[in-house]
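Tertiary structure, described
This is what each chain is made of:
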Amino acid sequence: MSPAIRAKGAGKKAFINARLLDPVKKTDEAGGLLIEDDTILKSGPDITESTVSEGFEVFDLGGACLAPGLVDMRAQLREPGFEHQETIETAGKSAAIGGVTTIIALPNTDPVIDDVAGVEFIARRARKVGLAKVFVYGAVSKGIAGQEITEMGLLHQAGAVAFCDGIKTIASARLLRQALSYSTFFDGMIVQHPEEPELSKGAAMNSGELATRLGLSGVSPLAEVIQIERDLRLAEMTGGRLHFAHISTGESVEVIRKAKKRGLKVTCDTAPPYFALNENAVSDYRTFAKLSPPLRSEDDRQAIVAGLADGTIDAIASDHNPQDADSKRLPFAQAAAGAVGFETLLPMALELYHNEHMSLLDVITKLTRTPAELVRIKGAGTLEEGTAADLVIFDPDRPWKIDPYQFHSKSKNSPFDGRLTQGRVLRTLIDGREVFSEGA
Amino acid sequence: MGPAADHYPHPHLLGIEGLTPGEITLILDRAQHYAEKNRSADKTSNILAGATVVNLFYENSTRTLTSFELAAKRLGADVINMTVGTSSVKKGETLIDTAMTLNAMNPDALVVRHGDSGAVKLLSEKVNCAVLNAGDGRHEHPTQALLDALTIRRHKGRLHRLNVAICGDIAHSRVARSNILLLNTMGSRVRLVAPPTLIPSKIDRMGVEIFHDMEQGLKDCDIVMMLRLQLERMEGSFIPSVREYFHFHGLDRAKLANAKPDALIMHPGPMNRGVEIDSEVADDVERSVIREQVEMGVAVRMAALELLVQNHRKIGGQA
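1. Describing the overall build of chain B
- Along the backbone of chain B there are 11 helices and 9 strands.
- Relative to the compact-globule value of 20 Å for 319 residues, chain B shows a C-alpha radius of gyration of 19 Å, a close match.
- Overall, the C-alpha framework of chain B stretches about 55 × 45 × 35 Å when taken along its three principal axes.
- Burial status across chain B gives 57% buried among its 319 residues.
- For chain B, the separation between the mean place of its 37 positive charges and that of its 38 negative charges on side chains is 1 Å.

Right, dumping it as C-alpha cells:
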C-alpha cells in the first residue's frame, strides 16, 4: 500500500485479460480497462494486449474480475468519539482490503453528525486519510434524540447524501412524516432502522425456541414488519423517498415487495449476516453474533436470499459496526450488538453467486451501482468513461478461511470467524491509486 | 430408570442440558447418601479437606448461598463467600476481572450466581477450576432441579412416568428450564401452567404441554411445582395485579383438588404467600415437601461439589 503516491502522476494504466463486470452496461464479459491518472478512459471487450497503445503500464489480470469499487451504503466509522473502536484511517484500510472504495457513514458519532460542521469534519478527515471516499448520512433529528428535525437542507447542501438516525428507529410518526415530506424538495432520502422500539426493548436476540432455551429476552421478528408497515403509509402519504436498512425477515421482504408493486418510492438493503447466518450462530452465547437486528430463523434467512434474487432487496451493505473486545466479552444481554463487515462483504456476497441464487453481475450491481444510485452519488459504482478510477480486482473463486485477527479494522468482532469462504480481493484502486494490493 | 453412570465426566456443572440420565442418577445417588448422613449425628467428613470453594454471588440470595456454604463445610472444604452488588454498571467487566483474580488464588471450585443468562458459562471459560452454576439469569439452576428430583424420587420412588405440572412465572424462571430438561431426560411428562404472558415463546418445542387454565393443568398430576412470581424481573405488564394472579393461578385447596390425591406440592422458595400459593397448602404436612426440598438442597450440593472437586483434582487442575 502506498498512500503517498498522488493521483496526478499515477499515469496511464491498462488492465487487460479481465472478466469485466459493468453494472451500468449490464455486461459480464472478457475485456480490459484503461485509466489515465485518476480517471477511467475506456473499458470494453476490445481492450486487449494488442490494442493497448504505447505509454500504458500494462497489467495482465489473468482472468480475474474487474468491477467498480464497492459502494457500502451502511457503515459506522466510530470517529469522532469512539476512536478506540475504529478511526477513519483504520476503517479506510479495512475498506481497501475489502474492495470498498466509497463508504456512506452513519451519523451516530460523538458528536452526532447533525450540523454542517460535522459533515465537513468527516469530509476533511477522509480527504486527509486518502483511502475510501467517505460520505455521510445527516441525522434526521437533532442529537438523534427523535424530537426535532435537523437542518436537513443545509446538511444536504454540505454533502450529506441522505438521512437517518444511526442505529435508532425513527419512532415518532410525526417526525418521520415531516422528514419525509420536507426532504422531497431536494430529493432527499430517509433511511429507517425498522424495529418497533417498544416491542424490542431489552431484547438481546430473536424470539423463539433458542431464546427460550438460552433464557434470553427475544424480540419477535414481527417488530420489524410492524415498523415497516407504518412507515410505508407515511411514505405514501408524503411522497418521500424511504429506504429500510438491513432488513432481516421474510415478512419484511413480502411487505416491501407488495409496496414496490403498488409503485411506492421505497427501497431496502440487507447485510451479509442476514443472508449468510441464522440465529443458531448465537448458541453458546456467542456475543460476536449478537447483531441489531438480531439474526433470525432459517426461514427468514432463505426469504432474504429470495428477496435479493428477485430484486425486492435493492442493495447489500456491510453494516460495519466495530466494537472492541471489552464491549463483546460480556454476558450476552450486556454485550454490544454489531459486527465489522468491510473485509467480509465481498466474499459473503459472493456466496449468493456460488450457491447459484444470483448471477455474479447481479451481486456486484447490488454492491456498487444500486447503492450509488440510491444515495445519488454520481460517478461511483460504474466503469463509465470519465468517471473516477475506483476499482476492485478480485478472484471470485479463491478459497480462504476468515480470521478476524488478520483484519485491518481496529475491531475484530466478526460473526464469520473461521468460516471457509470463496472470493478474495486482489487489488483496490481509488482515483487510479493502488490502495491495496495482495502481497504488497 | 437406567443405572447410574460410573463417573461424572464434565469439568463443570453449568446446567442440566447435556447431562445423561446415568449422570443425573449418579449425582442423586450420591446426594441420597449425604441426605442420610445429614440426618445422623456424624454430619461432617473430610473428603474435601484442603480444597477451597468460593461462592461468588452477583445476586442476593440467603438460602442458596447458605446451602452451598453448609455443603462445602460439611465436606471439610475451606469456604469463602463473595457477594458482589449488582448495581455496578460495569458488572460485566468485573465478572471477567473477578474471575481472573479468583483464578489466580487457585480455588478448587467456584460456585457462581449471576443475573445474566450465560454469565456463568462465560466465567467458566476464563478459569481453570470447577465451576458450579448456582443460577444464571433465566437460563439454568441445575442444583435446584437436582434437589427437586431427589425430593420427588424419595417420595415417588422414581423419576419416570410422572406427570409434573410446573406452574407460574415460567418466563422469568431458570428453575423451570432446568426442571423441564431434567424431568424430560428422566422420562416424565411436564406441563406448564401459567397465563399466556408468562409462557415464553416456542417453549412447547422443549417437549412440554401448555395450559393456561390451572384446573385443567393440574388434572391428575403427580407433582405440583409452584414457582415464585418474580415481580422484580418484570418489565411491563405481565399480570394485571397480584390479586388477579392469585385468583386464577395461585395454588389453593380447590385447584389442588384436580391433582392426584397424593400429589406433592413443591416450591423452590422463597414463597410469596397469597400470591402464587395459599398458606394452607404450603404448610400442609401431608402434601407439601417444601421444607424437605431445602434439606435435599444441602445434600445435592455436597454431591455436586464432591464429584466436581474430585474430577478437578484428578485432571490436575486443567479444566
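2. Here we look at the pairing of strand β5 (residues 163-167) of chain B
Residues and elements named next belong to chain B.
- Here β5 lies mainly inside the structure; 4 of its 5 residues are buried.
- Crossover handedness for the path β5 to helix α6 (residues 174-186) to strand β6 (residues 189-193): right-handed.
- Across 4 bridges, β5 lies against strand β8 (residues 223-226) in parallel orientation. What sits directly across from Cys167, in β8, is Met226.

3. Describing the nonpolar core
- Counting 98 residues, the largest nonpolar core has A:Ile190, A:Phe244, A:Ile247, A:Phe275, A:Leu367 and A:Phe394 as the members making the most contacts within it.
- Here the element with the most residues in this core is helix α12 (residues 342-354) of chain A; it accounts for 7 residues.
- Contacts of A:Ile190, omitting those with residues within four sequence positions, involve A:Val140, A:Met152, A:Phe163, A:Ile170, A:Leu176, A:Ala179, A:Leu180, A:Ser183, A:Arg241, A:Leu242 and A:His243.
- B:Ala134, B:Ile166, B:Leu183 and B:Leu308 belong to the second-largest nonpolar core, a separate cluster that totals 75 residues.

4. Points about the interface of chain A and chain B
- Listed per partner, the contact involves 18 residues of chain A and 26 residues of chain B.
- With both sides pooled, the region where chain A packs onto chain B buries about 1800 Å², and carbon together with sulfur makes up 53% of that total.
- The largest contributions to the chain A side of the interface with chain B come from A:Thr212, A:Arg213 and A:Arg329, which together make up 33% of the buried area.
- Summed over the shared surface of chain A and chain B, the result is 1 salt bridge.
- Among the ionic pairs, B:Arg205 bridges to A:Glu209, the shortest N-O distance being 3.3 Å.
- On the surface where chain A and chain B come into contact, there are 7 residue pairs in polar contact (both at pLDDT 80 or more).
- Per element, the largest residue contribution to the side of chain A that touches chain B is 4 residues, and it comes from helix α6 (residues 209-214) of chain A.
- Looking at the side of chain A that touches chain B residue by residue, the class counts come to 7 nonpolar, 6 polar and 5 charged.

5. A look at a nonpolar patch on the surface
- On the surface, A:Leu199, A:Leu222 and A:Ile226 cluster together to form a nonpolar patch covering roughly 260 Å² of accessible area.
- As for its placement among the helices and strands, A:Ile226 is situated in helix α7 (residues 222-238).

6. Some details on the packing of helix α1 (residues 21-39) of chain B against helix α11 (residues 290-314) of chain B
Residues and elements named next belong to chain B.
- Packing of α1 against α11 brings their axes to within 8 Å, and their N-to-C directions diverge by 125 degrees. Judged by the angle between their axes, α1 and α11 are oblique. Taken as a pair, α1 and α11 cross one another with a handedness that is right-handed. Within the contact between the two elements, α1 uses Leu26, Ile27, Arg30, Ala31, Tyr34, Ala35, Asn38 and Arg39 and α11 uses Glu295, Met296, Val298, Ala299, Val300, Met302, Ala303, Glu306 and Leu307.
- Classifying every residue of the contact of α1 with α11 gives 12 nonpolar, 1 polar and 4 charged.

7. Some thoughts on the packing of helix α8 (residues 250-261) of chain A against helix α10 (residues 298-309) of chain A
Residue and element names in this part refer to chain A.
- For the pair α8 and α10, interaxial distance at closest approach is 8 Å and the crossing angle is 30 degrees. Taken as axis vectors, α8 and α10 run roughly parallel relative to one another. Along its contact with α8, which presents Gly250, Val253 and Arg257, the element α10 presents Asp300, Ala303, Ile304, Ala306 and Gly307.
- For the contact of α8 with α10, a count of residues per class yields 4 nonpolar, 2 polar and 2 charged.

8. So, the confidence of the model for chain B
- Per-residue pLDDT for chain B has a mean of 93; in total, 95% of the residues score no lower than 70.
- Scored as a complex, the prediction yields pTM 0.92 and ipTM 0.90.

9. Observations regarding the side chain of A:Glu195
- Tracing the backbone through its elements, the reader meets A:Glu195 in the loop between β10 (189-192) and α5 (197-200).
- Nearest to the buried, unbridged A:Glu195 among oppositely charged side chains is A:Arg296, at 4.6 Å.

10. Some details on the sheet that holds strand β14 (residues 266-270) of chain A
All names here are of chain A.
- Pairing within the open sheet is parallel, and its 8 strands lie in the order β6-β7-β8-β9-β10-β13-β14-β15. In this open sheet, the two strands that pair with only one neighbour each are β6 (70-75) and β15 (315-316).
- With 4 bridges joining them, strand β7 (residues 100-105) and strand β8 (residues 133-139) adopt parallel strand pairing. From the neighbouring strand, Ile104 faces β8, where its bridge partner is Phe135.
- Helix-sheet contacts for helix α4 (residues 173-182) involve β10 and β13 (241-244), and the interaxial angle to β10 is about 150 degrees.

11. Let's talk about the pattern of salt bridges
Residue and element names in this part refer to chain A.
- Within the structure shown, the criterion is met by 43 salt bridges over all chains.
- Asp390 is paired through a salt bridge with Lys133; the nearest N and O atoms lie 2.8 Å apart. Here the residue Asp390 occupies a position in the loop between α14 (369-374) and β16 (391-401), and Lys133 occupies one in strand β8, the gap between them amounting to 257 residues.
- Looking at Asp390, the relative accessible area reads 7%, which means it is buried.
- Among the residues examined, Lys133 registers a relative accessible area of 23% and is labelled partly exposed.
- Each of Glu254, Arg257, Lys258 and Asp310 takes part in salt bridges that share partners, so that together they form one network.

12. Comments concerning the sheet that holds strand β2 (residues 78-83) of chain B
Residues and elements named next belong to chain B.
- Strand order across the open sheet formed by 4 strands is β2-β1-β3-β4, with parallel pairing between neighbours. In the strand order of this sheet, the two ends are held by β2 and β4 (130-136), each with one partner. Across the sheet, the axes of successive neighbouring strands diverge by a mean angle of 15 degrees, strand direction being ignored.
- Here strand β1 (residues 52-57) pairs with β2 via 6 bridges, running parallel. In the sheet register, Val53 faces β2, and the bridge partner there is Val79.
- Of the strands in this sheet, β1, β2, β3 (109-114) and β4 touch helix α2 (residues 63-74), which is tilted by about 180 degrees from β1.
- Running over the sheet, α11 touches β1, β3 and β4 and is turned about 145 degrees from β4.

13. Digging into the environment of A:Gly11
Residues and elements named next belong to chain A.
- Take Gly11: it is sitting in the segment before β1 (12-22).
- The class for Gly11 is partly exposed, based on a relative accessible area of 22%.
- Spatially, the C-alpha atom of Gly11 lies 46 Å from that of Lys328, the residues being 317 residues apart in sequence.
- The residues touching Gly11, leaving out its near neighbours within four places in the chain, are Ile35, Glu36 and Asp37.

14. Here's the deal with the confidence of the model for chain A
- The predicted model of chain A averages 95 in pLDDT, with 98% of residues at 70 or higher.
- Low pLDDT, under 50, characterises residues 1-9 of chain A; the predicted model gives this stretch 12 contacts beyond four residues in sequence or across chains.

15. Overview of unusual backbone geometry
- Between A:Ser292 and the following residue, A:Pro293, the backbone shows a cis peptide bond with an omega angle of -5 degrees.
- Note that A:Pro293 resides in the loop between α9 (272-276) and α10.
- Put simply, B:Gly269 and B:Pro270 share a cis peptide bond, and its omega is -10 degrees.
- Here B:Pro270 is to be found in the loop between β9 (264-266) and α10 (279-282).
- Phi is positive for A:Ile144, close to 50 degrees, though the residue is something other than glycine.
- The topology assignment puts A:Ile144 in the loop between β8 and α3 (152-158).
- Not every positive phi belongs to a glycine, and A:Asp187 is a case in point at roughly 55 degrees.
- Position of A:Asp187 relative to the elements: it lies in the loop between α4 and β10.
- A:Asp187 gets classed as partly exposed once you look at its relative accessible area, which sits at 36%.

What counts and how
- Residues numbered from 1 in each chain as written.
- Chains lettered and ligands numbered in written order.
- Predicted model: local features only at pLDDT ≥ 70, side-chain atom pairs only at ≥ 80, totals over all residues.
- Heavy atoms only, no water.
- Helix = DSSP H or I, 4+ residues; strand = E, 2+ residues; numbered from the N terminus.
- Rg over C-alpha atoms; globule rule 2.2 N^0.38 Å.
- Buried < 20%, exposed > 50% of the residue type's maximum accessible area, 1.4 Å probe, protein only.
- Lys, Arg positive; Asp, Glu negative; His and termini not counted.
- Charge placed at Lys NZ, Arg CZ, Asp CG, Glu CD.
- Right-handed = clockwise from strand over helix to strand, strands pointing away.
- Pairing = 2+ DSSP bridges.
- Core = buried A, V, L, I, M, F, W, Y, C linked by side-chain atoms within 4.5 Å.
- Contact = heavy atoms within 4.5 Å.
- Buried area = accessible area lost by both parts, 1.4 Å probe.
- Salt bridge = Lys/Arg side-chain N within 4 Å of Asp/Glu carboxyl O.
- Polar contact = N/O pair within 3.5 Å; in protein donor to acceptor, adjacent residues only side chain to side chain.
- Nonpolar A, V, L, I, M, F, W, Y, C, P; charged D, E, K, R; others polar.
- Patch = residues over 30% accessible without salt bridge, like charges linked within 9 Å, V, L, I, M, F, W, Y side chains within 5 Å.
- Areas by Shrake-Rupley, 256 points an atom, 1.4 Å probe, with all protein chains shown as cover.
- Axes fitted to C-alpha atoms, helices over the stretch in contact; angles between N-to-C directions.
- Parallel < 35°, antiparallel > 145°, perpendicular 65-115°, else oblique.
- Left-handed = near helix turned anticlockwise from the far one by under 90°.
- pLDDT = per-residue confidence, 0-100.

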